[in-house]
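One letter stands for each residue in the lines below.
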Amino acid sequence: MGNQVVGLGLVAVSLIIFTYYTAWVILLPFIDSEHVIHKYFLPRAYAVAIPLAAGLLLLLFVGLFITYVMLKSERVTKKAQ
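Not measured: the values here are computed from a predicted model.

Here we take up the overall build of the protein. The number of helices and strands found in the protein is two helices and zero strands. At 21 Å, the protein has a C-alpha radius of gyration far larger than the 12 Å of a compact globule built from 81 residues. Counting only C-alpha atoms, the protein reaches 70 × 35 × 15 Å along its principal axes. For the protein, buried positions account for 5% of its 81 residues.

Structural data, given as structure tokens:
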């Protein structure tokens, strides 16, 4: 039951982020720049910078995880021999 709650929470957060980002990048350029809705969104330059930074961090952590697993498995095979 606990895993389902965590999964539902992750899906809900992902849906909120996707909706916010879609409105920010796709819908906001068609709305007048003096409209009050613009104060709820970051400047457009961040629309590229934030996903780029998140992608680079993801690649970094995946690389670190793969390196850790490979080094750990290498130690286990040396001990077995």
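From this point on, the discussion continues.
Now for the environment of F18. Relative to the helices and strands, F18 resides in helix 1 (residues 2-27). For the pair F18 and A53, spaced 35 residues apart in sequence, the C-alpha separation works out to 16 Å.

In this section: the UniProt feature "transmembrane region" (unreviewed entry) in the protein. The UniProt feature table records "transmembrane region" (unreviewed entry) at residues 7-31 and 46-71. Secondary structure within residues 7-31 divides into 84% helix and 0% strand; the distance between the first and last C-alpha atoms comes to 35 Å. The annotated region residues 46-71 carries 100% helix and 0% strand content, and the separation between its end C-alpha atoms amounts to 37 Å.

Bringing the domain arrangement of the protein into the picture now. Often the size quoted for an interface is simply the accessible area lost on bringing the parts together. Taken domain by domain, the protein consists of domain 1 (1-35) and domain 2 (38-80). At the interface, 11 residues of domain 1 touch 10 residues of domain 2. Of the roughly 910 Å² buried between domain 1 and domain 2, counting both surfaces, carbon and sulfur atoms make up 63%. When residues of domain 1 are sorted by the area they lose upon contact with domain 2, Y20, W24 and L28 head the list and together hold 61% of the total. The interface formed by domain 1 and domain 2 contains zero salt bridges. Across the side of domain 1 that touches domain 2, the residue classes tally to eight nonpolar, two polar and one charged.

About the criteria used
- Residues take numbers from 1 onward in each chain, read along the sequence in its written order.
- Owing to the predicted nature of the model, reporting of local features is limited to residues with pLDDT of at least 70; listing and counting of side-chain atom pairs is limited to 80 or more, with chain, interface and lining totals taken over all residues.
- In computing side-chain properties, one takes all heavy atoms of the structure into account and sets aside hydrogens as well as water.
- Elements are defined by DSSP. Helices are runs of H or I of four residues or more, strands are runs of E of two residues or more, and each kind is numbered from the N terminus.
- Radius of gyration: over C-alpha atoms. The globule rule applied is 2.2 Å multiplied by the number of residues raised to the 0.38 power.
- In this scheme, a residue with accessible area under 20% of its type's maximum is buried, one over 50% is exposed, and one in between is partly exposed, where area comes from a 1.4 Å probe on protein chains only.
- UniProt positions are given in the numbering used here, feature names are shortened, and annotations may be inferred rather than shown by experiment.
- Annotation comment: domain bounds sourced from an automatic or database domain assignment.
- Whether two residues are in contact is decided by their heavy atoms: any pair within 4.5 Å suffices.
- By buried area we mean how much accessible surface two parts lose on assembly, using a 1.4 Å probe and totalling the loss over both.
- Throughout this description, the term salt bridge denotes a Lys or Arg side-chain nitrogen within 4 Å of a carboxyl oxygen of Asp or Glu.
- Note on residue categories: nonpolar means Ala, Val, Leu, Ile, Met, Phe, Trp, Tyr, Cys or Pro, charged means Asp, Glu, Lys or Arg, and polar means any other residue, Gly included.

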